[in-house]
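# Remarks on the overall topology
One-letter residues, chain by chain:
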Amino acid sequence: MKKLLLVLGLLVVLGLAVTAETYKVASDTTWPPFEWQAGTGELIGFDLDVMRLIGILEGYDVEIVSYSWDIIFIDVGSGSVDIGASGATITAEREQIVDFSMPYWTSNQAVIVLGSSGLNIASALGAGKKIGAQVGTTGAKWVQEQLIDKGVDVQLVEYTLYPLAVLDLVNGNVDAVVQDEPASRASAAADSRLAIVGVIETGEEFGFFVTNGDPKGVLPKINDGLQQLKASTAWADLIKAYMGGAELAKIEAAWTAAAPLLAAKDVVGFASALAAGATSP
Amino acid sequence: MAAAREKNLGNVILRVEGLHKRYGKDEVLKGVSFELRRGETKVVIGPSGTGKSTLLRCINQLSVPDQGRVWLEDIEITHARTNINHMRAQIGFVFQDFNLFSHLTALRNVSLGLVKVKRMRKEEALARARQELARVGLVAKADAYPAELSGGQKQRVSIARALAMDPKLILFDEPTSALDPELIGEVLEVMTHLAESGMTMIVVSHEMGFARAVADRIIFMEGGGILEEGTPAEMFTCPRCERTGQFLRKISELYGETENG
Amino acid sequence: MSAGEILWQSVVPLFSALPVTLTVLGLLLVVGLALGTVLAFAQTYGRRPIRALCVSYEQLFRGIPPIVVLLFFWNGLFQSIGMPRVLVAALALGMRSAAYQSQIFRGAIQAVPAGQMMAARSLGMSRFQAIRSVILPQAFRLALPPWSNEYSSVVKDTAFICVIGGLIDLTRQAMMKVAPLSMRPGIGTQLVLPYLIILGLFYLVLTFSGTALLSLLERQLQIPGFEMKGKVER
């Protein structure tokens, strides 16, 4: 009888140990290279892989769900989603509804124009110009606060999706588009008519975020995992893979190839394989 | 053929006592009372708007009278506890506008009441409906929809529909007033046959020829009340009221006297 | 890969998202129909307090935009009890559609001439029997054309269901494909517009096939001369 109880007890403990915690991560997967949906249907991107790797390091599972941008804040705020990972800039405003992790990325805004327009960064953002940006992004905010509110005579045209801004740029409906640097580089690389005429150092930083007050105690895990990740080679590899201007299709293929390493919880190996695959000639 | 017929009229089948009905400020029925005997054909005449239609509707409670009582044989229709649906199933009603069920064929128009109210089996009801349609001469139109029928045909189907329920009496509310003149005859013919076969009927109508030839008694209504009641002979030749005579003369001028029964 | 192949690659996922849109569409129509019918009858034949309730319901749901209803039902009500997203979306939009459908049915019921009810009652039918056997069949036919309009309207409403986080419908799936599609070297933003047109086509086909089916139904149920309503006969 004692032996049976002991075995049962052991099984329970083992069971508890085996079932790890799962956290729901919401992300607006329309924003390469931070988060998007690969052709295979997988949700990949810098933010998402960082989340996955931190999960491995800290011993929890992540379930990544695709949410519209605005809804992420509503749902994380209400606690129905645990973590938000969507290239969100840390602002005092947002701090009121969610708690941010330590910054994990410094975002700069790039200014794209049509190469044929002959504009430079000063003229692209100068009087009489129409500037496009995705609604709710740092870029849009920058144009509003640093240009329009300061009396510069420009028009801000907002789009629900960044690619639509680029489309309008190509069609000549706006003069310039302001967007985070990685995405801008990807767009410019895809269309030889486009050129990046400058980078605005806004000094803004991205953070992952959780419900105010961190009821599930996730934040310390995220911060700790982030530190561990940054200290390892995986961090540089991820940046190399996603922010190096590699073609999206290549990154997607590399990810699929490296996926078994992710499943095997090999943090360093996965990042390394991803970077190698994405940047291979 | 305006011969007075000696009909054997039975017991009183319908009794109407002191009906009052007002619409807003208008008092349309100011205390109407009469009796109807089994097998009797009573025709109600009078100027428009004198409450003749309202009278009929108060009998089967399509309009609820403000005052007054109605008895069908020994059951008081107007009593609060009377099952009005049960009563209505025994009183046929033919409308001026026919009111055939537009989504059903003539046959199903006639059989619907049998199936729903009398709970007859469908085949039985359809067979019976066919009989009634034959009685009004329209069995060939059994599968036609109301919109495909002429006015006269519609009204005849409507009569068949009322007949199918084996009613104790049938109320006719200006059955030919909405018909083109050519079509009136076929309907009056059916009604005349009905009357001669012993059906108890109250008919509100302007058709003086019909009244004269077929009615057992005629009621003249004006101003919400019954001015006079009598046999056709009495009413047409020596009415008691001056007003009755006036009305009848005027109507006969307008509509002309028809010799058909 | 050619531009066409690349475009097609992004179109394929739309087919897998289609069932989500279709399910929500189908369910919401059923909810709207059932509830709308009840509301219509309650408002036509019910007593004053019931009628007032129906009117309030209709004004409430017709006065609030679909997105707001969706958000409220999800975030405010049903997310916490773990109700499946598809059901929440269908319920939210369905209750809203019911408010519109109720008006359609009421109009149809009232368009049935009063004499029909009178004739039915004069035969001894109860109100319920009259409604079921005489009024409803006619009202149903009269309601078909405007209901077809409601269907078209509702198809478009389903494009908003992605405000329920995690619900990947046609539109949301398309939105997720636009960015990667626009960043292909050598192609750039060229395929964005064609892609959005294709998305539009999906909805067009949905709308059109629905209304075509309803037209077919209308023709099947047609009764010779049913639309004609007049007092004096030829």
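Look up a bit, the structure's there.
Just so it is clear, the model here is predicted, and its values are computed rather than measured.

Right, let's talk about the sheet that holds strand E4 (residues 67-72) of chain B for a bit. Residues and elements named next belong to chain B. One open sheet holds the four strands; their spatial order is E2-E1-E4-E5, and the pairing between them is antiparallel. Edge strands, defined here as strands with exactly one partner in the open sheet, are strand E2 (26-37) and strand E5 (75-76). Of the strand pairs in this sheet, E4 and E5 are connected by two bridges, and their pairing is antiparallel. Paired with Leu 72 across the strands is Ile 75, a residue of E5.

What follows is about the interface of chain C and chain B. In this assembly, 27 residues from chain C lie in contact with 33 residues from chain B. Between chain C and chain B, a total of about 2500 Å² is buried, with carbon and sulfur atoms accounting for 58% of that surface. Along the contact surface separating chain C from chain B lie zero salt bridges. Of all the elements in the fold, those that place two or more residues in the side of chain C that touches chain B are helix H5 (114-122) and helix H6 (127-157) of chain C. Residue composition of the side of chain C that touches chain B, grouped by class: 12 nonpolar, nine polar and six charged.

Residue and element names in this part refer to chain C. Interaxial distance between helix H2 (residues 48-63) and helix H4 (residues 85-111) falls to 8 Å at its minimum, and their mutual angle equals 125°. Viewed along their axes, H2 and H4 adopt a mutual orientation that is oblique. Relative to H4, the crossing made by H2 is left-handed. Contacts from Tyr 57, Glu 58, Phe 61 and Arg 62 of H2 reach H4 at Met 95, Arg 96, Ala 98, Ala 99, Tyr 100, Ser 102, Gln 103 and Arg 106. Split into classes, the residues belonging to the contact of H2 with H4 amount to six nonpolar, two polar and four charged.

What follows deals with helix H1 (residues 52-59) of chain B. Residues and elements named next belong to chain B. When you tally the buried positions in H1, you get seven out of eight residues, the bulk of the element. For H1, every residue scored as buried is listed here: Lys 52, Thr 54, Leu 55, Leu 56, Arg 57, Cys 58 and Ile 59. Positive phi shows up at Gln 61, right after H1, with a value of about 65°.

Parameters and conventions
Residues numbered from 1 in each chain as written. Chains lettered and ligands numbered in written order. Predicted model: local features only at pLDDT ≥ 70, side-chain atom pairs only at ≥ 80, totals over all residues. Heavy atoms only, no water. Pairing = 2+ DSSP bridges. Helix = DSSP H or I, 4+ residues; strand = E, 2+ residues; numbered from the N terminus. Contact = heavy atoms within 4.5 Å. Buried area = accessible area lost by both parts, 1.4 Å probe. Salt bridge = Lys/Arg side-chain N within 4 Å of Asp/Glu carboxyl O. Nonpolar A, V, L, I, M, F, W, Y, C, P; charged D, E, K, R; others polar. Axes fitted to C-alpha atoms, helices over the stretch in contact; angles between N-to-C directions. Parallel < 35°, antiparallel > 145°, perpendicular 65-115°, else oblique. Left-handed = near helix turned anticlockwise from the far one by under 90°. Buried < 20%, exposed > 50% of the residue type's maximum accessible area, 1.4 Å probe, protein only.

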